[in-house]
Amino acid sequence: MNIIVTTAAGDFYPFEVAPDLEVENLIVLVGVETGRPATQIQLSLNGIPLIDKKKTLSQYNVKSGDMLLMTPAPALSSNPSLSSNPAPSSRPSSGRNFQGTGIDWAAIQVPG
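Below: a short report on this structure. Numbering of residues begins from 1 in every chain and follows the order in which that chain's sequence is written. The model is predicted, so local features are restricted to residues of pLDDT at least 70 and side-chain atom pairs to those at 80 or more, both for listing and for counting; the totals for chains, interfaces and linings are taken over all residues. Calculated side-chain values reflect all of the structure's heavy atoms, with hydrogen atoms and water omitted.

## A closer look at the side chain of T6
The condition is simple: Here a strand is any run of E in DSSP of at least two residues, a helix any run of H or I of at least four, and the numbering for each starts at the N terminus. Note on classification: 1.4 Å probe, protein chains only; a residue is buried when its accessible area is under 20% of the maximum for its type, exposed when over 50%, partly exposed between these limits.
Positionally, T6 belongs in strand β1 (residues 2–7). Accessibility expressed as a relative area gives 9% for T6, which makes it buried.

Have a look at this one:
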């Protein structure tokens, strides 16, 4: 099947892969093609990160013609004391730019 991996910067990388290819192997292919380390690559389909690297593309319902978004992989903390801290809230703390997303939360209107 043919898929396209794209970046937020607008770069496109076409791949011909088998549906039973595991995500971890696709990430390695993407890394070779883009020159980025595989450990720094996160792939998403329709806004959903492909977290389980052992799952196949077909298990994630990736189909021929689909476009996957490549983003930097989340950094893993090597500091065990940080893992005991609660996860940050998904609510913006200042009403503006939440965790560097570039989204102006104040401009979003909530119905109700």
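## Looking at the nonpolar core
Note the cut-off: As used in this record, nonpolar core signifies buried Ala, Val, Leu, Ile, Met, Phe, Trp, Tyr and Cys residues forming a set joined through side-chain atoms within 4.5 Å.
Counting residues in each nonpolar core, the largest one holds 19 residues, and the members touching the most others are I3, V5, L26, L43, L57 and L68. Of all elements in the fold, only β1, β2 (12–16), α1 (23–34), β3 (41–45) and β5 (67–72) reach the threshold of two or more residues within this core. When residues in this core are grouped by element, the largest group, four residues, is from α1.

## Topic: the sheet that holds β3
Selection criterion: Note on pairing: two strands pair once DSSP finds at least 2 bridges between them.
Strand order in this open sheet of five strands is β2-β1-β5-β3-β4, and the pairing throughout is mixed. Looking at the sheet topology across the chains shown, the edges are occupied by β2 and β4 (48–49). Here β1 pairs with β2 via five bridges, running antiparallel. Counted as the bridge partner of I4 is P14 from β2.

## A word on α1
Applied cut-off: A helix is expected to span 1.5 Å for every residue after the first. Only heavy atoms enter the contact rule, under which two residues are in contact if any of them lie within 4.5 Å.
For α1, built from 12 residues, the straight-helix expectation of 16 Å at 1.5 Å per residue is met to within 8% by its first-to-last C-alpha distance of 16 Å. Of the surrounding secondary structure, the elements contacted by the buried residues of α1 are β1, β2, β3 and β5. Positive backbone phi, approximately 80 degrees, marks G35, located one or two places after α1.

## Points about the environment of M67
Note on placement: M67 falls in strand β5. The partly exposed category is assigned to M67, whose relative accessible area is 40%. The sequence separation of M67 and V5 amounts to 62 residues, and the corresponding C-alpha distance is 5.7 Å. Look past the residues within four positions of M67 in its chain and what remains in contact with it is I4, T6, F12, S44 and L45.

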